[in-house]
Amino acid sequence: MDSAEFHAAVYETVRLIPVLKVTSYGHIAKLIGMPNHSRHVGQALKFLTPDTNPPVPWHRVVSSSGAISSRGPGTAGARLQGDALEAEGVEVTVTAAGERRVNFAVCGWFPEPGTV
DNA sequence: CGCCTGACTGTTG
DNA sequence: CCAACAGCCAGGC
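Description of the structure in this document. Keep in mind that what you see is a predicted model, and the values were worked out from it rather than measured.

Our next topic: the layout of surface pockets. Volume-wise, the largest pocket comes out at about 390 Å³. A per-element tally of the lining of the largest pocket places helix α3 (residues 38-46) first, with three residues. Residues that form the lining of the largest pocket fall into these classes: eight nonpolar, five polar and two charged.

Below is the structure:
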């Protein structure tokens, strides 16, 4: 699988995430058969732009702990992701440190590979 | 070929 | 809950 196929696989999988559900980078990696490529899932997602077509609901992908990883300077990206999730009706918790996280117990989506 | 980086993860104390 | 560590691997230099 080359880089382009990897990206495509990640995008396809992310589009499978139901509304009001979120999952983790690591799980996306497992679903596409590459359990050790969690970092590259993030790399594939950052390659996306608001104009990407068809659209990919990347905001439904967070770290394994449910926290939204801050990328780049400040919390701009994480804030936008949190807003996008809230806009869809997902419960987003904001800690005292301003860190955004989602409640996996309520909206976690972790199907076993092969069952999707 | 080696070294560093990163939208990561799991274990340990 | 948080910090430190140790794996992980493609991509840029």
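Taken together, 14 residues are adjacent to DNA strand B, and Arg 39, Lys 46, Trp 58, Ser 64 and Ser 69 come closest. Atoms of DNA strand B within 4 Å of the protein belong to the sugar or the phosphate in 44% of instances, the rest to bases. A distance of 3.1 Å separates a phosphate oxygen of DNA strand B from a polar backbone atom of Gly 26. Listing elements by their share of the surface near DNA strand B, those giving two or more residues are α2 (25-31) and α3. Looking at which element gives the most residues to the surface near DNA strand B, the answer is α3, with six residues. For the surface near DNA strand B, the per-class residue count stands at three nonpolar, eight polar and three charged.

What follows concerns the packing of aromatic side chains. Counted according to the given criterion, the structure contains one aromatic pair. Judged by centre distance (5.0 Å) and plane angle (90°), the rings of Phe 104 and Phe 110 are edge-to-face.

Turning our attention to the protein's contact with DNA strand C. Taken together, the residues surrounding DNA strand C are Ser 3, Asn 36, His 37, Arg 39, His 40 and Gln 43. In DNA strand C, the atoms that sit within 4 Å of the protein are 58% sugar and phosphate, with bases accounting for the remainder. Take Asn 36: an N or O atom from its side chain is 3.2 Å from a phosphate oxygen of DNA strand C. Tallying contributions element by element places α3 first for the surface near DNA strand C, with three residues. In the surface near DNA strand C, the residues fall into no nonpolar, five polar and one charged.

Reading the values: the criteria
Residues numbered from 1 in each chain as written. Chains lettered and ligands numbered in written order. Predicted model: local features only at pLDDT ≥ 70, side-chain atom pairs only at ≥ 80, totals over all residues. Heavy atoms only, no water. 1 Å grid on protein atoms, 1.4 Å probe; cavity = no way out; pocket = protein on both sides within 12 Å on 5 of 7 lines; lining within 4 Å. Points joined across faces, edges and corners; volume = space filled by probe spheres on them. Helix = DSSP H or I, 4+ residues; strand = E, 2+ residues; numbered from the N terminus. Nonpolar A, V, L, I, M, F, W, Y, C, P; charged D, E, K, R; others polar. Near = heavy atom within 4 Å. Polar contact = N/O pair within 3.5 Å; in protein donor to acceptor, adjacent residues only side chain to side chain. Phe/Tyr/Trp six-rings, centres within 6.5 Å; stacked < 30°, edge-to-face > 60°.

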